[in-house]
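Take a look at the letters that make up each chain.
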Amino acid sequence: MPELPEVETVTRGLTPVMEGFVVDHVVQRRPNLRFPFPENFVGRMAGRRINQLTRRAKYILGYLDDGQVLLVHLGMSGRMTIFDDPLVGVPAPAKHDHVDFVMQSGAVVRFTDPRRFGVITLIAADEVNTHKMLADIGPEPLGNSFNATVLAAGIAKRASPIKTVLLDQRLVAGLGNIYVCEALFRSGIAPDRLAKDLKPDEIERLYREIRLVLEDAIAAGGSSLKDHRQANGELGYFQHSFRVYGREGEGCFADGCGSTVGRIVQAGRSTFFCPTCQK
């Protein structure tokens, strides 16, 4: 599933062709994705200007000029691709190309989702903080509302492994399996340590590494494992920088370590770690 860096990368890629531009019309090729499209979705989008395009956790939010908000979640396999070169044109839709946003500028943004776990819907602007998909999401890890003090307070009484606690979207928004594994390795913290047992200096280090690994991943265009592509169609490259994720049985990259990367299963998810470097 695309995590925060992938969704941020897509949002930034879409901004130059969607933010401030008017939707001429929408082509909707099926009645539903994970959920049905909102009633009269095509009609409600036609002629609307997207005043602002932003991200909240793993959601893309497009604030429209009539008080609606276009809410998009990429699900497991969704991607949004821009076609804005008149010399190339727009390719004929394939089987999994479910929605086209045709802008008055001539650009087309196509939503593709083979598994159909994505979401495209409309909500009212005053519901952004209370809507069922967004209400219980914690602070943005790259925003000013998240720091080591907030992280410490959030994990202080959690008698669960720090790996599973960090995946709780109520604690911090947008973190997923890849970047939690990578942040814990960079922090030298074992994934099975109880969250409440982390010391202040470890929490400070963990907070710092969460931010750094997300910033590094965004700079690399996210991680392309199976489905993620940037909005311009290019792959992300952060998967080439993984230090533990997906590297079970391979050598640890830390200088002088000599151990191999291990894997355990926590809350149904694979956790990759170095048994020597992470304590």
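In case you missed it, the structure is sitting above this.
So, how was this worked out
Residues numbered from 1 in each chain as written. Predicted model: local features only at pLDDT ≥ 70, side-chain atom pairs only at ≥ 80, totals over all residues. Heavy atoms only, no water. Pairing = 2+ DSSP bridges. Helix = DSSP H or I, 4+ residues; strand = E, 2+ residues; numbered from the N terminus. Axes fitted to C-alpha atoms, helices over the stretch in contact; angles between N-to-C directions. Contact = heavy atoms within 4.5 Å. Parallel < 35°, antiparallel > 145°, perpendicular 65-115°, else oblique. Left-handed = near helix turned anticlockwise from the far one by under 90°. Buried < 20%, exposed > 50% of the residue type's maximum accessible area, 1.4 Å probe, protein only. Arc of directions from axis to C-beta. Phe/Tyr/Trp six-rings, centres within 6.5 Å; stacked < 30°, edge-to-face > 60°. Lys NZ or Arg CZ within 6 Å of the ring centre and 35° of its normal. Core = buried A, V, L, I, M, F, W, Y, C linked by side-chain atoms within 4.5 Å.

Turning to the sheet that holds strand S2 (residues 50-56), a few remarks are in order. Taking strand neighbours across the sheet as the criterion, the 4 strands line up as S2-S3-S4-S8 in an open arrangement whose pairing is antiparallel. Every interior strand has two partners, whereas the edge strands, S2 and strand S8 (119-124), have only one. Looking at each pair of strands side by side, their axes are set apart by 20° on average, direction ignored. Where strand S4 (residues 68-73) meets S8, 6 bridges bridge the pair, whose relative direction is antiparallel. Each residue of the ladder has a partner; that of Val 69, found in S8, is Ile 123. Contacting S2 and strand S3 (59-64), helix H1 (residues 4-18) runs over the sheet at an angle of about 170° to S2.

Here we come to the packing of helix H5 (residues 177-187) against helix H6 (residues 200-219). Following both chains from N to C, one finds H5 and H6 inclined at 130°, their axes separated by 8 Å at the closest point. In terms of axis orientation, H5 runs oblique to H6. The chirality of how H5 crosses H6 is right-handed. Residue-level inspection shows Tyr 179, Glu 182, Ala 183, Leu 184, Arg 186 and Ser 187 of H5 in contact with H6, the latter providing Arg 205, Leu 206, Glu 209, Ile 210, Leu 212, Val 213, Leu 214, Asp 216 and Ala 217.

This paragraph deals with the side chain of Gln 266. Relative to the assigned elements, Gln 266 resides in strand S9 (residues 262-266). Those residues in contact with Gln 266 that lie beyond four places of it in its chain are Pro 161, Lys 163, Thr 164, Pro 191, Asp 192 and Thr 271.

At Asn 40, a residue that is not glycine, the phi angle is positive and equals roughly 55°. Mapped onto the elements of the fold, Asn 40 is located in the loop between strand S1 (23-28) and helix H2 (41-45). For Ala 267, which is not glycine, the phi torsion reads 50° and is therefore positive. Take Ala 267: it is sitting in the loop between S9 and strand S10 (269-273).

Taking strand neighbours across the sheet as the criterion, the 4 strands line up as S1-S6-S7-S5 in an open arrangement whose pairing is antiparallel. Of all strands in the sheet, those bounded by a partner on one side alone are S1 and strand S5 (79-83). The average undirected angle you get between the axes of adjacent strands in this sheet is 20°.

What follows deals with helix H3 (residues 148-155). All buried positions along H3 are accounted for by Ala 148, Leu 151 and Ile 155. Viewed end-on, H3 has its buried residues packed into an arc of 60°, placing them on one side of the element. Set apart from the buried face of H3 by more than 90 degrees, the exposed residues are Thr 149 and Ala 153. Its buried side turned inward, H3 meets helix H4 (162-166) and H6.

Turning to the pairing of S9, a few remarks are in order. Side-chain positions along a regular strand alternate between the two faces of the sheet. In the sheet, S9 pairs with S10 via 5 bridges, with the strands oriented antiparallel. When the bridges of S10 are listed, Arg 263 appears paired with Phe 272. Counted between consecutive antiparallel strands, the loop separating S9 from S10 contains 2 residues, among which Ala 267 sits at a positive phi close to 50°.

Next up on the list: the packing of aromatic side chains. All told, the structure shown has 5 aromatic pairs when counted by the stated rule. Plain terms: the ring middles of Phe 41 and Phe 101 are 6.4 Å apart, the flat faces sit at 85° to each other, and that makes the pair edge-to-face. Linking Phe 41 in helix H2 with Phe 101 in strand S6 (residues 97-103), this pair joins segments that are 60 residues apart in sequence. Here Phe 41 and Phe 101 have matching classes, each one buried. Above the ring of Phe 253, the side-chain terminus of Arg 247 is found at 3.8 Å from the ring centroid.

For the rest of this paragraph, the subject is the nonpolar core. Leu 151, Ile 155, Ile 162, Leu 166 and Leu 206 are the most contacted members of the largest nonpolar core, which has 36 residues in total. Contributions of two or more residues to this core are made by H3, H4, H5 and H6. The residues touching Ile 162, leaving out its near neighbours within four places in the chain, are Ile 155, Leu 184, Ile 189, Ala 190, Pro 191, Arg 193, Ala 195, Leu 198 and Leu 206. One finds Val 26, Leu 33, Phe 101 and Ile 120 within the second-largest nonpolar core, a separate group that totals 28 residues.

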